[in-house]
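One letter stands for each residue in the lines below.
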Amino acid sequence: MLNATMKTVKPKEAYELFFDQSFLEAGIAKKSFANPNPLSKFKVGTLGGILLHAVPGEMIVLAASVQGGRDAIVVLNYFAAGGGTKLVINAVNIPDSEAGNRIVAVLESIADAYK
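What comes next is a walk through the structure. These figures come from a predicted structure and were not determined experimentally.

Here we have six strands laid out as an open sheet, ordered 1-6-5-4-3-2, and antiparallel in their pairing. Looking at the sheet topology across the chains shown, the edges are occupied by strand 1 (2-6) and strand 2 (41-44). The average undirected angle you get between the axes of adjacent strands in this sheet is 30 degrees. Strands in contact with helix 3 (residues 98-113) are strand 1, strand 2, strand 3 (47-55), strand 5 (72-81) and strand 6 (84-92); relative to strand 1, the strand with the most contacts, it is inclined by about 15 degrees.

This brings us to the pairing of strand 2. Every other side chain in a regular strand lies on the same face of the sheet, so the side chains alternate between the two faces. Residues of strand 2 alternate between two faces, with Phe42 and Val44 buried on one and Lys41 and Lys43 left unburied on the opposite face. Strand direction decides the pairing type here: strand 2 and strand 3, joined by four bridges, are antiparallel. Its bridge partner lying in strand 3, Lys43 is registered against Gly48. The turn linking strand 2 back onto strand 3 is made up of two residues, and Gly45 within it adopts a positive phi angle of 65 degrees.

On to helix 3, then. For helix 3, which comprises 16 residues, the first-to-last C-alpha distance of 23 Å matches the rise-based estimate of 22 Å (1.5 Å per residue) to within 8%. Among all positions in helix 3, only Ala99, Gly100, Ile103, Val106, Leu107, Ile110, Ala111 and Ala113 are buried. Mapping the buried residues of helix 3 onto a view down its axis gives an arc of 165 degrees, with all of them on the same face. Check the buried side of helix 3 and you find it contacts strand 1, helix 2 (21-27), strand 2, strand 3, strand 5 and strand 6. Between the side-chain oxygen of the N-cap and the backbone nitrogen of Ala99 there are 3.3 Å, and the N-cap of helix 3 in question is Ser97.

Quick notes on the rules
- Residues numbered from 1 in each chain as written.
- Predicted model: local features only at pLDDT ≥ 70, side-chain atom pairs only at ≥ 80, totals over all residues.
- Heavy atoms only, no water.
- Pairing = 2+ DSSP bridges.
- Helix = DSSP H or I, 4+ residues; strand = E, 2+ residues; numbered from the N terminus.
- Axes fitted to C-alpha atoms, helices over the stretch in contact; angles between N-to-C directions.
- Contact = heavy atoms within 4.5 Å.
- Buried < 20%, exposed > 50% of the residue type's maximum accessible area, 1.4 Å probe, protein only.
- Expected span 1.5 Å × (residues − 1).
- Arc of directions from axis to C-beta.
- Polar contact = N/O pair within 3.5 Å; in protein donor to acceptor, adjacent residues only side chain to side chain.

See below:
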C-alpha cells in the first residue's frame, strides 16, 4: 500500500489529474496516457493495461499487464483529508520478479507525482 497526500486539492480534482496527460508526463513519464472510460487502454511509464472501473472522484481500478503472468490489479482510492486529498494505492498479484519491481517503481512514481 502506498499513500500520498495533497493538502489543497479536492478528491475530484486529484482523481481527474490521473487522466491529465500533461500531469502524467510531467510527474511520471513521457508518452503516458489514461482515459476514464471502462476497458480503455492506459500507459503510465512502463505500466500498461486496461482501466477496469472508475468512480469519479473516488476510485480507479486498473488491470496492469504482466509479461508472462496474470494481470496485476491496481486500485487508486481518493479520500477527503482535511481540505485536501489522501491517495491510497493498493495492488495485488504483483510477481516477485524484475517485472514486479518495475510495477512497484511506477506505483511509487504515481504516489510521488501526487505529493
